[in-house]
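Okay, here's what each chain looks like letter by letter:
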Amino acid sequence: MSNGLTRALENLIENLIEKNHLEKPFYGPGKLPALKILSISNALKQLNLSNEEIVFSYDKRNNDIFEGFILSDKKLHYILNNKPIVVPIVDLKNLNLEDFNTIIEDETTRKAILNVFEKIGKGNFDISTKKSKDPLKEFTENQTETTVEIIIDEDFLAESKLMGDQLYAFHTQLKGDSAFMDNLQKTLTKSATLTNEFQPWHLIIQDIILIYQKLEKEPISVKQRFLLAYFFEKMQGNDMAEVLSLERINKMVQNEKFSASLEKVKAAKFLEVGGEFKDQLILPSLLSRTNHELLTAVGTQYNRIANFFAKADGKITDEETSELQKISDLCLNPRKKLENVKQTQVPENETLEDVLKELNELVGLNNIKKDINDLINFLKIQKLREKEGLKPSDRALHSVFIGPPGTGKTTIARLLGRIFKHLGYLSSGHLVETDRSGLVAGYVGQTALKVDEVVKSAMNGVLFVDEAYSLAKDEFGRDFGNEAIETLLKRMEDHRDDLAVIAAGYPDEMKGETFIYFEGLYERRNPAFGNARVVRNLFEQIIASQANRLVSITPITRDLLMRIEEPDVPEVQASIKNLMVFDEEEKSKE
């Protein structure tokens, strides 16, 4: 039967269902569950799902014995007197009303169905009678009858189905979990009033779309596109592997309309998310909040699906490998909502120029603006060195911000994160703000875990620790604050390339025991002492001066990048003095 006639038949059936208010056990196009199809196939041996597509069914049972019927796009199958009956579509007009008396007891419904069968048998129906609600219509309409290449083979379809079945099983289990559903509604609606507006499958579809988008690199293979379409439909209760033949699936994925339909799927949003959920996998994040037993299973399955997407075209590139690692972290270590921790994401579609404009519009802070401009020039030059195959200068992105409240420390930290992102040093650039309360726990061994959670939430962005000096103060004689400092310092060193930590606080307090500065080290040194940190800081100052000089030169050659010139080197004695002394008050004592 042609696709147009199949569509018309489905339209006619949908009209029948709506007009007569038919509900389960009646199933329209693509609605019959997989397990029911399996059991019905065992009863109706002549039903051939390899070349027949089920468009309407009635699942009547008597002591677990099937006594209903199946209407495919080619034949009607039913049981009469314990014998399977097969009627070709062209002969439906000759069906005997009495034959269906034992199948459908309600006379009105029985007559309505037989009336439809008669129309189908006579071919007396209008193809445009009603726009179909079949969710697969976007993918399957306007297909031709030409022979196509088999790209989606049986093995690939079977593996897709196994993964889809597992995803749907998660939806079913979570939907029956009242505690999870309560948490879901309260979290996403931001309201204590439960409306059941959101379902687990909403989250799963949105997560799968995000995984696809993160791995979407041109050219996209047909198999990768099919996977997204398959999972999208599966989570809405429409299994292509069950309602479409292999031939029709391959026609679908090679049809021009399929690509256009897939663009709609990629843009689909069942819920608007932002804040803590931006760029996160939503379901693992929610499961993590409540330490749900399904967290590991869902994360593992998501990770498998991501790898399945990546290898669908037969190869995994270095870029995909890197992205898979990030997805794996999102799957298995989702970002939690942390107490006394605030997260701010980078605005979408902004540029480095937008950030610099915002920086320059701040009142005052001229010295800060100059320092940031110097840093930008330095980082740009290091990227150019990498491009030329030269070793970049090793400089961490960590900083100390000193000043009283209201001087713009948090604002500058937020801008720095965005600048680091646009320069290619941090992939996210978001800001995570906290203080002692967000890092220090009240029990032995818990502080390190708490610091790790906060650091994890700040990875690929900026961690801003306000009133950092308070970490070293412990009014009750316990050492939890120092434990936080030690853990944080270790994480700062471990993640020099994908984390920027900014410690902030008042000037007087920041001179205390938390941050130690060396004064006049060279004059006061003993024979066993050396201060490599001073030398390193001096070298960094030279490299920064070189960057400021080079950034305005066009073109910047490899030779220029490798050469330090006299203007780059500051006056040595004055520089050492400045590098070793904390502020002007200390300088005056020299």
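Here, every reference points to the structure presented above.
To keep things clear, this report deals only with the structure shown in the data block. (Residues numbered from 1 in each chain as written. Predicted model: local features only at pLDDT ≥ 70, side-chain atom pairs only at ≥ 80, totals over all residues. Heavy atoms only, no water.)

## What about the overall build of the protein?
Heads up, the rule is: Secondary structure elements follow DSSP: runs of H or I no shorter than four residues count as helices, runs of E no shorter than two count as strands, and numbering proceeds from the N terminus. Here, two residues are considered to be in contact whenever any of their heavy atoms come within 4.5 Å of each other. Accessible surface area values rest on a Shrake-Rupley calculation with a 1.4 Å probe, where residue burial reflects the displayed protein chains alone.
Helix and strand content of the protein: 26 helices and 12 strands. A sequence separation of at least 24 residues applies to 72% of the contacts in the protein between residues at least 6 apart. Counting every atom, the protein has about 30100 Å² of accessible surface; 50% of that belongs to carbon and sulfur.

## So, the sheet that holds strand β8 (residues 342-344)
Here is the rule we go by: In this analysis, strands are considered paired if DSSP registers two or more bridges between them. Angles run from 0 to 180 degrees between N-to-C directions of axes, and those axes are lines fitted to C-alpha atoms, restricted for helices to the stretch in contact.
What the five strands build is an open sheet, ordered β8-β10-β11-β12-β9; its pairing is mixed. Each having just a single partner strand, β8 and β9 (399-402) make up the two edges of the open sheet. Put simply, the sheet's adjacent strands are angled 20 degrees from each other on average, direction ignored. Sheet topology note: the β9/strand β12 (residues 500-505) ladder contains four bridges and is parallel. By the bridge assignment, Phe401 is partnered in β12 with Ala504.

## Digging into the nonpolar core
When a protein is soluble and globular, its nonpolar side chains tend to lie buried together. Rules: Here, nonpolar core refers to any group of buried Ala, Val, Leu, Ile, Met, Phe, Trp, Tyr and Cys residues whose side-chain atoms link them within 4.5 Å. Exposure categories follow from relative accessible area, calculated using a 1.4 Å probe and restricted to protein chains: below 20% of the type maximum is buried, above 50% is exposed, and the middle band is partly exposed.
Counting 62 residues, the largest nonpolar core has Phe226 and Phe309 as its most contacted members. In terms of residue count, the dominant contributor to this core is helix α7 (residues 200-215) (10 residues). If we skip the residues at most four places from it in the chain, Phe226 touches Ile152, Phe156, Leu157, Ser160, Met240, Ile249, Met252, Val253 and Phe258. Residues Leu352, Leu397, Tyr425 and Phe464 belong to the second largest nonpolar core, which totals 32 residues.

## So, the packing of α7 against helix α14 (residues 318-332)
What counts here: For classification purposes, an angle smaller than 35 degrees is called roughly parallel, one larger than 145 roughly antiparallel, one from 65 to 115 roughly perpendicular, and anything else oblique. Left-handed is the label given to a crossing in which the near helix is rotated counterclockwise from the far helix by less than a right angle, and right-handed is the label when the rotation is clockwise. Under the scheme applied, nonpolar residues are Ala, Val, Leu, Ile, Met, Phe, Trp, Tyr, Cys and Pro; charged residues are Asp, Glu, Lys and Arg; polar residues are all the others, including Gly.
Packing of α7 against α14 leaves a shortest axis separation of 9 Å and a crossing angle of 155 degrees. If you check the angle between α7 and α14, you find them roughly antiparallel. The chirality of how α7 crosses α14 is right-handed. Of the residues in α14, those in contact with Ile211, Lys214 and Leu215 of α7 are Glu320, Glu323, Leu324, Ile327 and Leu330. Each residue belonging to the contact of α7 with α14 can be placed in one class, and the counts come to five nonpolar, no polar and three charged.

## Remarks on the packing of aromatic side chains
The following threshold applies: Any Phe, Tyr or Trp ring, taking Trp's six-membered ring, that has another such ring centre within 6.5 Å forms a pair; planes under 30 degrees apart are called stacked, those over 60 apart edge-to-face, and the others tilted. Here, a charge over a ring means that NZ of Lys or CZ of Arg falls within 6 Å of the ring centre while also lying within 35 degrees of the ring normal.
Evaluation of the coordinates by the stated rule reveals 11 aromatic pairs. Every member of this aromatic cluster is reached through a ring pair, and the members are Phe156, Tyr212, Phe226, Tyr230, Phe231, Phe308 and Phe309. We note Lys234 situated over the ring of Tyr168; from NZ or CZ to the ring centre the distance is 5.9 Å.

## Here we look at the pairing of strand β6 (residues 75-80)
Counting buried positions along β6 yields five of six residues, so the element is predominantly enclosed. Sheet topology places strand β5 (residues 69-72) next to β6; three bridges connect them, and they run antiparallel. Considered in β6, the bridge of Leu71 is made with Leu76. The turn linking β5 back onto β6 is made up of two residues. Where β6 lies against strand β7 (residues 83-88), six bridges are found, and the strand directions are antiparallel. When the sheet's bridge partners are listed, Leu80 is paired in β7 with Lys83.

## Remarks on the pattern of salt bridges
The criterion, for reference: For this analysis, a salt bridge means a side-chain nitrogen from Lys or Arg found within 4 Å of a carboxyl oxygen belonging to Asp or Glu.
Within the structure shown, the criterion is met by 19 salt bridges. For Lys266, the salt bridge is made with Glu216, and the minimal N-O distance between the two is 2.5 Å. In this pair, Lys266 is assigned in helix α11 (residues 256-266) and Glu216 in the loop between α7 and α8 (222-234), connecting sequence segments 50 residues apart. Its relative accessible area of 14% is what places Lys266 among the buried residues. Classification of Glu216 as partly exposed rests on a relative accessible area of 24%. The partner of Glu350 in a salt bridge is Arg418, with the nearest N and O atoms 2.7 Å apart. Note that Glu350 is positioned in the loop between β8 and α15 (352-360) and Arg418 in helix α17 (residues 409-422), a separation of 68 residues in sequence. No difference in accessibility class separates Glu350 from Arg418, as the two residues are buried. A single salt-bridge network, built from bridges that share partners, covers Lys161, Asp165, Lys234, Asp239 and Glu242.

## Considering the sheet that holds strand β2 (residues 54-58)
Spatially, the five strands line up as an open sheet ordered β1-β2-β5-β6-β7, and their pairing is antiparallel. Two strands bound the open sheet, and with one partner strand each, they are β1 (26-27) and β7.

## With respect to a negative patch on the surface
Spelled out, the test is: To count toward a patch, a residue needs a relative accessible area over 30% and no salt bridge; like charges are then connected within 9 Å, while nonpolar side chains (Val, Leu, Ile, Met, Phe, Trp, Tyr) are connected within 5 Å. Charged residues are defined narrowly, with Lys and Arg counted positive, Asp and Glu counted negative, and His plus the chain ends left uncounted. Taken as the charge centre is NZ of Lys, CZ of Arg, CG of Asp or CD of Glu, depending on the residue.
On the surface, a cluster of negative charge is made up of Asp153, Glu154, Asp155 and Glu159. Checked against the element boundaries, Asp155 lands in helix α5 (residues 154-175).

## So, the environment of Lys456
Along the chain, Lys456 falls in helix α19 (residues 446-458). In this structure Lys456 comes out as partly exposed when scored by relative accessible area, which is 32%. It is 9.7 Å that separates the C-alpha atoms of Lys456 and Arg491, two residues lying 35 residues apart in sequence.

## Brief notes about the pairing of strand β10 (residues 431-434)
On a regular strand, one side chain projects to one face of the sheet and the next to the other, so that they alternate. Because side chains alternate across β10, one face comprises the buried residues Leu431 and Glu433, and the other comprises Val432 and Thr434, equally buried. Where β8 and β10 come together, three bridges link them in antiparallel fashion. Bridge pairing in β10 places Lys342 opposite Glu433. Looking at chain direction, β10 and strand β11 (residues 462-465) are connected through four bridges and run parallel. Note on β11: the bridge partner recorded for Thr434 is Val465.

Everything listed here is a matter of geometry and, on its own, says nothing about what the molecule does.
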